[in-house]
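Observations on chain architecture
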Amino acid sequence: MNSSIVSIGLSNPGTPIPQAEIARFMKLAHQLDETDSRKLGIFYRMSGINFRHSALEDFDKLLTEDFSFFPKNEQLLPFPGTKARMEVFRRTAPGLAASASISCLDQAGVAAKSLTHLILVSCTGMVAPGVELELMAKLGLEDEVERYCVHFMGCYAAFTGLKLADKILRAEPEAKVLVVSVELCTLHFQKDYTEDNILANSLFGDGAAAALVMNSDKGLKINSYLSQVFREGEQDMAWGIGDFGFEMRLSKYIPALLDKGIRELKDVFEKKFRLSQIQNFAIHPGGKQILQKVQEAFELGPEVNFHAMQVLKQFGNMSSATILFVLERMMKDPLVEGEILSMGFGPGLTLETMHLIKQ
């Protein structure tokens, strides 16, 4: 038997919010005139995203007086600080993580009490005692369960969690490891009308995903992995804590940098993963342009991004949780067979690659 992802559970807060409704909110928040409002509307329509979810209830409200998180005025003043946003994370993240975890365990027919390790992944909130402790209580886990937290690594962090689970299983073959990613990206909406903020505000949504990793001859076998840092893009994707939530630096040059980096690594991928033999790809849908650039770099057809594009369309970019949404779809698709090369990107500019085999 092999270290494998045997099931994946998913969860999102609230109901799907149309991208057009979020665009309307952003026009108000940025205090845009008619010309800039029209430009922003076009940008949102071209994003490849139809819906997103949010732990906040304000993004589809027609009247400011109906806001429950943001101030009830068009200037959104005083703008909510980091403390207020982390309070929403503290209240919301454990329940969302629990919902994804219960779905994951139910699909596998595995009792929560049999889990030996818990790995929590998040870059959009931190609190101590942590979400993982409350999650343990909600799932009824034993107090001696080993727990680990992977914080602030960005969109590629689920790969870090899965690699840690694989290493645990290599040391303890009987282990049952639950990797849980919970990301509330929309808590960190920024009001300043800058290029970075416009891009981030148009992409990110909220969601949670849980993956059960154990030695099994079913599911997605974790075969191998590779990490790479593109130093040239170190300042093009970054994540910091500000006075009004977490601040994202997201350059428009990221797709081109990834395209260049992946093309330079093709020989490495061929040697490590036998790239030319692989038919299935699970690419983190960080944005429509990123998916297109990765596809072009590998000289592949658009069909390889089918599941990633569907996730992007329905949920937007949910940071580290997103790749698990893609893999969940591929696990359930009978047309997907054999090898899968999965890739994620994040601050650094970091590229994580994992070679999986659907069993």
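Before any of the text, the structure's been laid out above.
What you are looking at is a predicted structure, and each value in this text was computed from that prediction instead of being measured.

Quick look at the overall build of the chain now. For the chain, the count of helices and strands is 11 helices and 13 strands. Here the C-alpha radius of gyration of the chain, 20 Å, is about what a compact globule of 359 residues would show, namely 21 Å. A total of 359 residues make up the chain; the buried ones form 58% of that total. Per element, the accessible surface of the chain, about 15,100 Å² overall, is 52% carbon and sulfur. For the chain, the centre of its 37 positive side-chain charges and the centre of its 44 negative side-chain charges are spaced 2 Å apart.

This part takes up unusual backbone geometry. The linkage connecting Ala128 with the following residue, Pro129, adopts the cis geometry, with an omega of -5°. Positionally, Pro129 belongs in the loop between strand 4 (117–122) and helix 4 (131–139). Going from Gly348 to Leu349, the amide bond is cis rather than trans, its omega being -10°. Unusually for a residue other than glycine, Arg274 sits at a positive phi of about 55°.

Scanning the entire structure with this criterion turns up three cavities of 30 Å³ or more. Approximately 260 Å³ is the volume attributed to the largest cavity. Surrounding the largest cavity, 23 residues form its lining, Cys185, His188, Ala200, Phe204 and Trp239 being those nearest its centre. At the level of elements, helix 1 (19–29), helix 6 (195–203) and strand 10 (245–250) are the ones that each hand at least two residues to the lining of the largest cavity. Reported here for the second largest cavity is a volume of approximately 40 Å³. Lining of the second largest cavity is provided by Phe89, Leu120, Ser122, Gly125, Met126, Val127, Gly130, Val131, Glu132 and His151. Of all elements in the fold, only strand 4 and helix 4 reach the threshold of two or more residues within the lining of the second largest cavity. Here the residues of the lining of the second largest cavity are counted per class, giving five nonpolar, four polar and one charged.

Further remarks concern the packing of helix 2 (residues 34–45) against helix 6. Following both chains from N to C, one finds helix 2 and helix 6 inclined at 50°, their axes separated by 10 Å at the closest point. Considering their axes alone, helix 2 and helix 6 lie oblique with respect to each other. Remark: the crossing between helix 2 and helix 6 carries right-handed chirality. Each of Leu40, Phe43 and Tyr44 in helix 2 lies in contact with helix 6, whose residues at this interface are Ile198, Leu199, Asn201 and Ser202. For the contact of helix 2 with helix 6, the per-class residue count stands at five nonpolar, two polar and no charged.

Let us look at the layout of surface pockets. Taken as a whole, the largest pocket holds about 550 Å³ of empty space. Along the walls of the largest pocket sit 24 residues, with Phe43, Leu199, Leu203, Pro255 and Gln289 positioned nearest its centre. Elements with a contribution of two residues or more to the lining of the largest pocket: helix 6, helix 7 (254–264) and helix 9 (288–297). A total of five residues in the lining of the largest pocket trace back to one element, the largest contributor, which is helix 6. By residue class, the composition of the lining of the largest pocket is 13 nonpolar, eight polar and three charged.

The next subject is helix 1. Since the α-helix turns once every 3.6 residues, residues separated by three or four places project in the same direction. Buried residues of helix 1: Gln19, Ile22, Ala23, Phe25, Met26 and Ala29, and no others. For helix 1, the arc enclosing every buried residue in end-on projection is 160°, short of the 170-degree limit, so these residues lie on one face.

Cut-off values and rules
Residues numbered from 1 in each chain as written. Predicted model: local features only at pLDDT ≥ 70, side-chain atom pairs only at ≥ 80, totals over all residues. Heavy atoms only, no water. Helix = DSSP H or I, 4+ residues; strand = E, 2+ residues; numbered from the N terminus. Rg over C-alpha atoms; globule rule 2.2 N^0.38 Å. Buried < 20%, exposed > 50% of the residue type's maximum accessible area, 1.4 Å probe, protein only. Areas by Shrake-Rupley, 256 points an atom, 1.4 Å probe, with all protein chains shown as cover. Lys, Arg positive; Asp, Glu negative; His and termini not counted. Charge placed at Lys NZ, Arg CZ, Asp CG, Glu CD. 1 Å grid on protein atoms, 1.4 Å probe; cavity = no way out; pocket = protein on both sides within 12 Å on 5 of 7 lines; lining within 4 Å. Points joined across faces, edges and corners; volume = space filled by probe spheres on them. Nonpolar A, V, L, I, M, F, W, Y, C, P; charged D, E, K, R; others polar. Axes fitted to C-alpha atoms, helices over the stretch in contact; angles between N-to-C directions. Parallel < 35°, antiparallel > 145°, perpendicular 65-115°, else oblique. Left-handed = near helix turned anticlockwise from the far one by under 90°. Contact = heavy atoms within 4.5 Å. Arc of directions from axis to C-beta.

Keep in mind these values describe shape, not function.
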